[in-house]
Amino acid sequence: QVQLVESGGGLVQAGGSLRLSCAASGSIYSIDTMRWFRQAPGKERELVADITSGGSTDYTVSVKGRFTISRDNAKNTVYLQMSSLKPEDTAVYYCNADVASEIKRYRLMNYWGQGTQVTVSS
């Protein structure tokens, strides 16, 4: 089937930067919208950014100007470049994507990665 695997999380000081990656693998025919979510302890999961197959992007207000989402369609990979990090950015970050598999090319299914921890210290 299809798998999403995140990497790049870790511990960073306030003001620092991290680059998250999420690679999709498996029997993929096409990938539509890709997204990054995050969830802090005791809080609801929040949509951070998304990018369409055509490259259009959108961000939640709290990260606009600091985070950049991008994708490499040839590698089936989405990235989240995070700069000027704040302690409030501390959360588990999840990759999410709408994917059509080779066995059902015209039916999109939604997939989640396992999550990667981002901790920003003050």
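For clarity, every value in this text was computed on a predicted model and none was experimentally measured.

**Comments concerning the overall build of the protein chain**
Step number 1: Looking only at helices and strands, the protein chain features zero helices and 11 strands.
Step number 2: Rg of the C-alpha trace for the protein chain: 14 Å, near the compact-globule value of 14 Å for 122 residues, within the 12% margin.
Step number 3: With 122 residues in all, the protein chain has 43% of them scored as buried.
Step number 4: Counting only contacts in the protein chain whose residues sit at least 6 apart along the sequence, the fraction spanning at least 24 positions is 56%.
Step number 5: In the form shown here, the protein chain has an accessible surface area of approximately 6,500 Å², with 48% of it arising from carbon and sulfur atoms.
Step number 6: Here the protein chain holds 13 positive side-chain charges and 11 negative ones, and the gap between their average locations is 2 Å.

**Describing the side chain of arginine 38**
Step number 1: Tracing the chain through its elements places arginine 38 in strand β4 (residues 28–39).
Step number 2: Of note is the side chain of arginine 38, whose polar atom sits 3.4 Å from the side chain of serine 62.
Step number 3: Residues contacting arginine 38, with those up to four places away along its chain left out, are Glu44, Arg45, Glu46, Val48, Ser62, Val63, Phe67, Asp89, Ala91, Val92 and Tyr93.

**Examining the nonpolar core**
Step number 1: One finds Trp36, Leu80, Met82 and Tyr93 to be the most contacted residues of the largest nonpolar core, which totals 31 residues.
Step number 2: Looking at this core, the elements with two or more residues in it are β1 (2–7), β3 (18–26), β4, β5 (46–51), β7 (67–72), β8 (77–82), β9 (91–101) and β11 (116–121).
Step number 3: Not counting residues within four places of it along the chain, the set of residues in contact with tyrosine 93 comprises Glu6, Leu20, Trp36, Phe37, Arg38, Val48, Phe67, Leu80, Met82, Gly115, Thr116 and Val118.

**Observations regarding the environment of serine 83**
Step number 1: The topology assignment puts serine 83 in the loop between β8 and β9.
Step number 2: The spatial distance from the C-alpha of serine 83 to the C-alpha of glycine 15 is 7.0 Å, given a sequence separation of 68 residues.
Step number 3: Once residues lying within four places of it in the same chain are set aside, the contact partners of serine 83 are Gly16, Ser17, Arg66 and Phe67.

**Some points on the pairing of strand β10 (residues 104–112)**
Step number 1: The pairing of β9 with β10 spans five bridges and is antiparallel. What sits directly across from aspartate 98, in β10, is asparagine 110.
Step number 2: Where β9 hands over to β10, the hairpin turn is made up of two residues, counted between the paired strands.

What counts and how
Residues numbered from 1 in each chain as written. Predicted model: local features only at pLDDT ≥ 70, side-chain atom pairs only at ≥ 80, totals over all residues. Heavy atoms only, no water. Helix = DSSP H or I, 4+ residues; strand = E, 2+ residues; numbered from the N terminus. Rg over C-alpha atoms; globule rule 2.2 N^0.38 Å. Buried < 20%, exposed > 50% of the residue type's maximum accessible area, 1.4 Å probe, protein only. Contact = heavy atoms within 4.5 Å. Areas by Shrake-Rupley, 256 points an atom, 1.4 Å probe, with all protein chains shown as cover. Lys, Arg positive; Asp, Glu negative; His and termini not counted. Charge placed at Lys NZ, Arg CZ, Asp CG, Glu CD. Polar contact = N/O pair within 3.5 Å; in protein donor to acceptor, adjacent residues only side chain to side chain. Core = buried A, V, L, I, M, F, W, Y, C linked by side-chain atoms within 4.5 Å. Pairing = 2+ DSSP bridges.

So yeah, pure geometry; function would need other evidence.
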